[in-house]
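Here's the letter readout for the chains.
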Amino acid sequence: MVTAPQETALPPKRSVGSLLGAMEIDTRLLGMVGALVVIWIGFHILSGGTFLTPRNLWNLSVQTAAVAIMATGMVLIIVTRNIDLSVGSMLGVVGMSMALLQAEILPGILGFDHPLTWIITLIAGLLLGALLGAFHGFIIAYVGVPSFIVTLGGLLVWRGAAWALASGRTIAPMDSSFQLLGGGSRGRIGGPASWAIGVIACLGIVFFLLVGRRQRRKFGFGLRPVWAEATLAIIGCVVVLGAVAVINSYPMPEALAEQYAAERGIEVPPGGIALGIANPVLIAIVVALAMTFLATRRRFGRYVFAIGGNPEAANLGGIKTKRTILMTFALMGFLVAIGAAVTTARLNAGTSGLGTLAELYVIAAAVIGGTSLGGGVGTISGAALGALVMQSLQSGMVLVGVDAPLQDIVVGIVLVIAVAIDTLYRRRVAK
Amino acid sequence: MTVKTGSPMVEMRDIRVSFGGVHAVDGVSIDLHPGEVVALVGGNGAGKSTLIKTLSGAHPANSGQIFIDSRPVTIHNPIEAKNLGIETIYQTLALADNIDAPGNVFLGRELRTRLGSLDDSAMESATRKVMGRLNPRFLNFKKAVGWLSGGQRQSVAIARAVHFNARVLIMDEPTAALGPAETAQVGSLIRQLKDEGLGIFLISHDIHDVFDLADRISVMLTGKLVGTVKKEEVTKDQVLGMIIMGKLPDEVTQAELADLHG
Ligand SMILES: Nc1ncnc2c1ncn2[C@@H]1O[C@H](COP(=O)(O)OP(=O)(O)OP(=O)(O)O)[C@@H](O)[C@H]1O
Ligand SMILES: [Mg+2]
């Protein structure tokens, strides 16, 4: 049985719902975008017009990166009906290890500012993160201790370890190449490259819409109306290019721009030289794309969702559920290590308090982004957007001058409300 | 009906399964020939599902032997059963509610592109093909199966068992949630598969369906096999007597049979 391709006329009544339906846009995603817009405009007004400025948005993008990177992993953890409370502490211990390695250990072996220092440090950190995560995953999947307990233990153990590594000292500065991972005025790709990435992203959007369409036609499945595809492509491109335009309108500090221009024998143009997309943001984008691919296009992702939907069905389907769980935790550890690299590089230091409370932001980002604590449901893009919502809230409160304790209160309340909305939404859907 | 020649394709001998102190299956032996439907009947908790789970690899037996084509085999997990050509429709359906129909049909056996990614289009296409044979009115190929009706979900579970060219099909109450039209559809599917030479274990509480479809009937009561009878040689009342009283047809008195009808 094959249904006829449904490239028919528009539905007679063009309600908003049917328009969204035709474009196959998730209403939850839309709700999140709406929340983000409200938060941004709200803080813009409250801060007397300083929130929606290129400078602030550039900083916001950099601050969001680490949480977004880790939130993509947390989605898969929560989808399998588990939780990882240890990400903040893991970030601490991995960050401290990388700081020690590049600032105190490697210089003794390779000499100061050796060109290989940053990459050796990064690889060692990634391995350590994956190993810690795999260790958690092993205890959870093979020994059978609930993830809540294992990672609660991890939260204490790794925070303690982060302190013990250097007896609480702050390790600084970081290797000069390593620092580029954190953004800052040198750790960015510049204006032209940012535009190039924007254009490539636009071509990518169009390409995937076309490939999807061709694939569906090949098998004779229903197609989206052409106008819906075109609207999706236009919205996608406008958002991408708009974001690049905003980022690129934030110029380098004057002194740096002059030095930069002098090195190349050019004049500083009147608008200044654009910093472009910051390295951590680029890393976060690559991670989000890779994780989306993994979650939706690979067997591993399918198994993660199957386990979350019905563990017994997954077992009966022959899926190696224990190994899959172990791998999700190892992946989480790996992503935490990326987050740790970005964070230490940005701070230009390793401290034993690195990543404190990060678990809350990461879990909140995933949940606000539509990951259901009941398991089985969640998207990477939602979590990345959730990270942006969380960071917007926090940065906005800092900008407006809200006291730190009050910030925590707001974050806590937002987290509970997000879960409440998810619960109500699911109850309504279940009927 | 079916002429039984040669050795059975499946033989389960003296299977025992216990949970703690409970003997859920207590020394049961059954067999199955190609092109044959063997109905497995018995009251709730008789041990039917537990028995067939040892064949489908979902649960190990404590003791006993399984022979496939007269060769002894040990089935440790569902994959080994599937590799032997044994497909199962579980009573619980074993569907991942958050995944769509094609994803469930191919769960654990996903089709992949040359680069190793999931080939969703090919899986959807194949699923549409099986469904056409099974339940042509099924059109929800994109929705997570948790959103579907009980009958539609059951269709997905049946599609999964049928798609992979099984030799042995285990159906644990496959029509429990189906409407009359869909039940008839499954009935004709069973006949069709039987004609193709599959062996089918059919667990059902519907005595009419059982008489309609089965060649032989094995009756279980509290973990033990009461007996296996040929359909043509018994009446429905006699089978009811076996299910309820655990007595073979020739052990039952007329008075007891009359009692069955209250
Ligand atoms: N996983 C389990 N753990 C403990 N006891 C179990 C388990 N599975 C089944 N049992 C017990 O084994 C016995 C047989 O159960 P089984 O599900 O095989 O019965 P059934 O004949 O399929 O019944 P029904 O017709 O209700 O499906 C019951 O007493 C049940 O309580
Ligand atoms: Mg049963």
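One can find the structure itself at the top, above this paragraph.
One structure accompanies this document, and this report is about it. (Residues numbered from 1 in each chain as written. Chains lettered and ligands numbered in written order. Predicted model: local features only at pLDDT ≥ 70, side-chain atom pairs only at ≥ 80, totals over all residues. Heavy atoms only, no water.)

1. Notes on the overall build of chain B
Short version of the rule: Only runs of H or I of at least four residues qualify as helices and only runs of E of at least two qualify as strands under DSSP, and these elements are numbered from the N terminus. The reference for a compact globule is 2.2 Å times residues^0.38; the radius of gyration itself is calculated from the C-alpha atoms. Working definition: with a 1.4 Å probe on protein chains only, accessible area under 20% of the residue-type maximum means buried, over 50% means exposed, and in between means partly exposed. Pairs of residues are marked as contacts when any of their non-hydrogen atoms sit within 4.5 Å. In these tables, accessible area is a Shrake-Rupley quantity obtained with a 1.4 Å probe, and a residue counts as shielded only by the protein chains included in the view.
Looking only at helices and strands, chain B features 9 helices and 10 strands. Relative to the 2.2 N^0.38 estimate, which gives 18 Å for 262 residues, the radius of gyration of chain B is 19 Å and therefore close to what a compact globule would have. With 262 residues in all, chain B has 54% of them scored as buried. Taking contacts inside chain B between residues at least 6 apart in sequence as the whole, the part at least 24 apart equals 64%. Surface summary for chain B: the accessible area is close to 11,300 Å², and the carbon and sulfur share equals 51%.

2. A short note on the coordination of the magnesium ion (ligand 2)
Residues and elements named next belong to chain B. The condition that has to hold: A 2.8 Å cut-off from the metal defines N, O and S donors, relaxed to 3.2 Å for Na, K and Ca; water is not in the atom list, so some sites may appear incomplete.
Of the protein atoms, only Ser49 (OG) and Gln91 (OE1) coordinate the magnesium ion (ligand 2), at distances of 1.9 to 2.1 Å. Here Gln91 lies in the loop between strand 6 (86-89) and helix 3 (101-105) and Ser49 lies in helix 1 (residues 48-56), a separation of 42 residues in the sequence. Owing to a relative accessible area of 41%, Gln91 belongs among the partly exposed residues under this scheme.

3. Here we look at helix 6 (residues 147-165) of chain A
All names here are of chain A. Threshold: For a helix, the expected span equals 1.5 Å multiplied by the number of residues minus one.
A rise of 1.5 Å per residue sets the reference length of helix 6, with its 19 residues, at 27 Å; its end C-alpha atoms lie 25 Å apart and thus fit the reference within 8%. Along helix 6, the residues classified as buried are Ser147, Val150, Thr151, Gly154, Trp158, Arg159 and Ala162. Those residues of helix 6 that are buried lie in contact with helix 4 (87-110), helix 5 (117-143) and helix 13 (321-347). Phi turns positive one or two residues past the end of helix 6, at Ser167, with a value near 50°.

4. Some details on the site of ligand 1
Residue and element names in this part refer to chain B. The condition is simple: Note on terminology: near, applied to a residue and a molecule or strand, indicates that one of the residue's heavy atoms is within 4 Å of it. What qualifies as a polar contact is a pair of N or O atoms within 3.5 Å, subject to a donor-acceptor requirement within protein and to the restriction that residues adjacent in sequence count only when both atoms come from side chains.
By nearness alone, 13 residues border ligand 1, and Asn44, Gly45, Lys48, Ser49 and Thr50 come closest of all. Backbone polar atom of Gly45 to an oxygen atom of ligand 1: 2.8 Å apart, as the coordinates give it. In the model, an oxygen atom of ligand 1 is placed 2.9 Å from a nitrogen or oxygen of the His205 side chain. Relative to its free-state accessible area of 640 Å², ligand 1 is covered by the protein chains to the extent of 61%.

5. What to know about the sheet that holds strand 9 (residues 216-221) of chain B
All names here are of chain B. Put simply, the test is: Strand pairing is assigned whenever DSSP detects at least two bridges linking the two strands. Between the N-to-C directions of two axes lies an angle of 0 to 180 degrees, each axis being a line fitted to C-alpha atoms and, for a helix, fitted only over the stretch in contact.
Read from one edge to the other, the open sheet built from 6 strands follows the order 6-7-8-3-9-10, with strand pairing classed as mixed. Sheet topology places strand 6 and strand 10 (224-230) at the edges, where each strand pairs with a single neighbour. Going from strand to strand, the sheet's axes swing by 15° on average, the running direction of each strand aside. Relative to strand 10, strand 9 runs antiparallel, the two sharing 6 bridges. Looking at the pairing, Met220 lines up with Leu225 of strand 10. Sitting on the sheet, helix 5 (residues 150-163) is in contact with strand 6 and strand 7 (168-172), with an inclination near 175° to strand 6.

6. Focus: helix 2 (residues 27-46) of chain A
Residues and elements named next belong to chain A. The condition is simple: The arc in question is formed by the directions pointing from the helix axis toward the C-beta atoms.
Taking 1.5 Å of rise per residue, 20 residues should cover 28 Å, and helix 2 covers 28 Å from first to last C-alpha, within 8% of that figure. The complete set of buried residues in helix 2 reads Met32, Leu36, Ile39 and Phe43. The buried residues of helix 2 occupy an angular sector of 65° when projected down its axis, which confines them to one face. Facing away from the buried surface of helix 2 by more than 90 degrees, the exposed residues are Thr27, Val38 and Ile45.

7. A closer look at the side chain of B:Arg153
All names here are of chain B. Examined against the element boundaries, Arg153 turns out to sit in helix 5. Residue Arg153 is classed as buried on the basis of its relative accessible area, which comes to 18%. When sequence neighbours within four positions are dropped, the list of residues in contact with Arg153 reads Leu93, Leu95, Asp97, Val145, Gly146 and Leu148.

8. Considering the environment of B:Gln154
All names here are of chain B. Note that Gln154 resides in helix 5. Excluding residues that lie within four positions of it along the chain, Gln154 makes contacts with Leu93, Glu173, Pro174, Thr175, Ala176, Ala177 and Leu178. Separated by 3.1 Å, the side chain of Gln154 and the backbone oxygen of Glu173 make a polar contact.

9. Details of the environment of A:Ile235
Residues and elements named next belong to chain A. When you line up the elements, Ile235 lands in helix 8 (residues 226-248). Note on Ile235: relative accessible area 43%, which makes it partly exposed. The spatial distance from the C-alpha of Ile235 to the C-alpha of Arg28 is 17 Å, given a sequence separation of 207 residues.

10. Describing the pattern of salt bridges
Residues and elements named next belong to chain B. The line we're drawing: Throughout this description, the term salt bridge denotes a Lys or Arg side-chain nitrogen within 4 Å of a carboxyl oxygen of Asp or Glu.
Per the stated rule, a full pass over the model turns up 20 salt bridges over all chains. Salt-bridge contacts for Glu87 lead to Arg109; the nearest nitrogen and oxygen are separated by 2.7 Å. Separated by 22 residues along the polypeptide, Glu87 in strand 6 and Arg109 in the loop between helix 3 and helix 4 (120-134) bring together distant segments of the chain. Asp97 is the partner of Arg153 in a salt bridge, and the nearest nitrogen-oxygen pair spans 2.6 Å. Linking Arg153 in helix 5 with Asp97 in the loop between strand 6 and helix 3, this pair joins segments that are 56 residues apart in sequence. The class for Asp97 is partly exposed, based on a relative accessible area of 33%. One continuous salt-bridge network, built from bridges that share partners, spans Asp14, Arg16, Asp26 and Lys224.

11. Things to note about the interface of chain A and chain B
Heads up, the condition is: When two parts are brought into contact, each loses some accessible area as probed by a 1.4 Å sphere; the total of that loss over both is the buried area. Here the nonpolar group is Ala, Val, Leu, Ile, Met, Phe, Trp, Tyr, Cys and Pro; Asp, Glu, Lys and Arg are the charged ones; every other residue, Gly included, is treated as polar.
Counting residues at the interface gives 28 residues for chain A, matched by 34 residues for chain B. Both faces combined, the contact of chain A with chain B buries some 2,700 Å², and carbon together with sulfur accounts for 56% of it. Counting across the chain A and chain B interface gives 2 salt bridges. On the surface where chain A and chain B come into contact, there are 11 residue pairs in polar contact (both at pLDDT 80 or more). Elements with a minimum of two residues in the side of chain A that touches chain B: helix 7 (191-218), helix 10 (279-297), helix 11 (299-309) and helix 12 (311-316) of chain A. It is helix 11 of chain A that provides the largest number of residues to the side of chain A that touches chain B, a total of 7 residues. Tallied by class, the residues present in the side of chain A that touches chain B amount to 12 nonpolar, 10 polar and 6 charged.

12. Re unusual backbone geometry
Cis geometry marks the peptide bond from A:Ala172 to A:Pro173; its omega dihedral reads -5°. With respect to the helices and strands, the residue A:Pro173 is situated in the loop between helix 6 and helix 7. Not every positive phi belongs to a glycine, and B:Leu93 is a case in point at roughly 75°. Inspection of the secondary structure assignment puts B:Leu93 in the loop between strand 6 and helix 3.

13. A look at empty space enclosed by the protein
As a reminder of what qualifies: Throughout, the protein atoms alone are placed on a 1 Å grid, and a set of points is a cavity if a 1.4 Å probe fits but cannot get out or a pocket if it is open with protein on both sides within 12 Å along at least five of seven lines; lining residues have an atom within 4 Å of a point. Grid points are joined across faces, edges and corners, and a volume is the space filled by probe spheres set on the points.
In total, this model carries 2 cavities of 30 Å³ or more according to the counting rule given. As a volume, the largest cavity reaches approximately 110 Å³. Forming the walls of the largest cavity are 13 residues, and the residues nearest its centre are A:Leu316, B:Lys82, B:Thr88, B:Tyr90 and B:Arg160. Mapped by element, the contributors of at least two residues to the lining of the largest cavity are helix 12 of chain A together with helix 2 (78-83) and strand 6 of chain B. Per-element accounting of the lining of the largest cavity gives the leading share, 3 residues, to strand 6 of chain B.

14. Description of the pairing of strand 3 (residues 37-41) of chain B
Residue and element names in this part refer to chain B. Along strand 3, 5 of the 5 residues are buried, which leaves the element largely enclosed by surrounding structure. As judged from the 4 bridges shared by strand 3 and strand 9, these two strands associate in the parallel manner. Its bridge partner being in strand 9, Ala39 is matched across the sheet by Ile217.

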